[in-house]
Amino acid sequence: MKAVIPAAGLGTRFLPATKAQPKEMLPVFNKPTIQYVVEEAVNSGIDDIIIITGKGKRPIEDHFDKSFELEYNLNLKGKYDYLEEVQAISNLADIFYVRQKKQNGLGDAINCAKKHIGDEPFAVLLGDTITYSEIPCTKQLIDVHKKYGGSTIAIEELPEYKIERYGIVDGVNVEENIYKVNNLVEKPKLADAPSNLGITGRYILTPDIFDKLNSIEAGVGGEIQLTDAINEQENVYATTFEGTIYDIGNTMEWLKSSIDMALTYDDVRDEVLDYLRQKIAEN
Ligand code: G1P
């Protein structure tokens, strides 16, 4: 299976940090956001990845490229741990790039991958969203997709204040944590939302999605919405994801993700917790 990582968005919610750098390159503790996303795909068994970029996204390509100068210098200085780490990044997967020429929505961005994907089901991992779990989110989705067929979406229960920012699912429970989708609504008003189950930014899509993307009209925000195209598909399932999801385009979620990731490292965990305790005592 191949994966598509859309990373063409402007990052407006994170200005001014994203004025001259892609939001996907914002570090979460010690790694850029998109590296977590690529690692999730790789850890789910996917090593052929296409990243949809746009204007100003060159640092993403540079990050996954080989850096001769850096490697030469690290070698010279005997910093072999760092050397190994940077070499591993450029060997993570086969990564291809295509540019979305105009900001025209997530659906349009996915459509840019059509020729690369061909006629097979594929994974979509939003480049500004990271997940943390024992079994990678995309792997969990692949397993549900294998069982039920059809497009499969990861969902989470949302608090009310988030509903208007997400695609929302109207579905019927078919087994614990799995729903057959009847309808999807992109960014509904709270009063019109069919549930509190929101699309989280991880999908397995069947290739007929490309025909649907070509036949739908622009939706919310005047853009081609992936949610609207999935809504045209026959056989769609949604599954609640076991783990934590962070939308890095949101400053508060970014901050929480950095703290949570730092806590996963034994050598810094105590220092971070001591610092947080000190802050709580002071405030
Ligand atoms: C996109 C999708 C939306 C989904 C969200 C998750 O919206 O269109 O359905 O719930 O990602 O982050 P965006 O955040 O690009 O506006």
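Please refer to the structure higher up on the page.
Below you will find a few notes about this structure. (Residues numbered from 1 in each chain as written. Predicted model: local features only at pLDDT ≥ 70, side-chain atom pairs only at ≥ 80, totals over all residues. Heavy atoms only, no water.)

## Structural notes on the overall build of the protein chain
Then comes step 1: The helix and strand inventory of the protein chain stands at 11 helices and 13 strands.
Then comes step 2: Taken over the C-alpha trace, the protein chain has a radius of gyration of 19 Å; the compact-globule value for 283 residues is 19 Å, and the two agree within 12%.
Then comes step 3: Across its three principal axes, the protein chain shows a C-alpha extent of roughly 60 × 50 × 35 Å.
Then comes step 4: By the burial criterion, 47% of the 283 residues in the protein chain qualify as buried.
Then comes step 5: Counted over contacts in the protein chain with a minimum sequence separation of 6, partners at least 24 positions apart contribute 75%.
Then comes step 6: About 14900 Å² of surface is accessible on the protein chain, with carbon and sulfur atoms providing 49% of the total.
Then comes step 7: Of the side chains in the protein chain, 30 bear a positive and 46 a negative charge, and the two mean positions are spaced by 6 Å. (Helix = DSSP H or I, 4+ residues; strand = E, 2+ residues; numbered from the N terminus. Rg over C-alpha atoms; globule rule 2.2 N^0.38 Å. Buried < 20%, exposed > 50% of the residue type's maximum accessible area, 1.4 Å probe, protein only. Contact = heavy atoms within 4.5 Å. Areas by Shrake-Rupley, 256 points an atom, 1.4 Å probe, with all protein chains shown as cover. Lys, Arg positive; Asp, Glu negative; His and termini not counted. Charge placed at Lys NZ, Arg CZ, Asp CG, Glu CD.)

## A word on the packing of aromatic side chains
Between two aromatic rings, the relevant description is the distance of the centres plus the angle of the planes.
Then comes step 1: Tallied over the full model, the rule gives four aromatic pairs.
Then comes step 2: Aromatic pair Phe-14 and Trp-254: ring centres 5.7 Å apart, planes at 85°, arrangement edge-to-face. Of this pair, Phe-14 sits in the loop between β1 (2-6) and β2 (27-28) while Trp-254 sits in helix α10 (residues 251-263), placing them 240 residues apart in sequence.
Then comes step 3: We classify Phe-14 as buried; its relative accessible area is 8%.
Then comes step 4: Against the face of Tyr-36 rests Lys-31, its NZ or CZ located 4.6 Å from the ring centre.
Then comes step 5: Above the plane of the ring of Tyr-237 lies Lys-180, whose end atom (NZ or CZ) is 5.6 Å from the centre. (Phe/Tyr/Trp six-rings, centres within 6.5 Å; stacked < 30°, edge-to-face > 60°. Lys NZ or Arg CZ within 6 Å of the ring centre and 35° of its normal.)

## Description of the packing of α10 against helix α11 (residues 266-282)
Then comes step 1: Between α10 and α11, whose axes approach to 8 Å, the crossing angle comes to 135°. Considered as vectors, α10 and α11 are oriented oblique to each other. Contacts between α10 and α11 involve Ile-259, Ala-262 and Leu-263 from the former and Val-268, Arg-269, Val-272, Leu-273 and Leu-276 from the latter.
Then comes step 2: In terms of residue class, the contact of α10 with α11 is built from seven nonpolar, no polar and one charged. (Axes fitted to C-alpha atoms, helices over the stretch in contact; angles between N-to-C directions. Parallel < 35°, antiparallel > 145°, perpendicular 65-115°, else oblique. Nonpolar A, V, L, I, M, F, W, Y, C, P; charged D, E, K, R; others polar.)

## Focus: the site of the ligand
Then comes step 1: Around the ligand sit Leu-106, Leu-126, Tyr-166, Gly-167, Glu-186, Lys-187, Ile-199, Thr-200, Tyr-203, Gln-225 and Thr-227, and those are all the residues in its vicinity.
Then comes step 2: Within the side chain of Glu-186, a nitrogen or oxygen atom sits 2.7 Å from an oxygen atom of the ligand.
Then comes step 3: Within the side chain of Thr-227, one N or O atom sits 3.2 Å away from an oxygen atom of the ligand.
Then comes step 4: Surface burial for the ligand is 80%, taken as the share of its 370 Å² of free accessible area covered by protein chains.
Then comes step 5: With three residues, strand β11 (residues 197-205) is the largest single contributor of residues to the shell around the ligand.
Then comes step 6: Partitioned by chemical class, the residues of the shell around the ligand number five nonpolar, four polar and two charged. (Near = heavy atom within 4 Å. Polar contact = N/O pair within 3.5 Å; in protein donor to acceptor, adjacent residues only side chain to side chain.)

Purely geometric numbers; function is a separate question.
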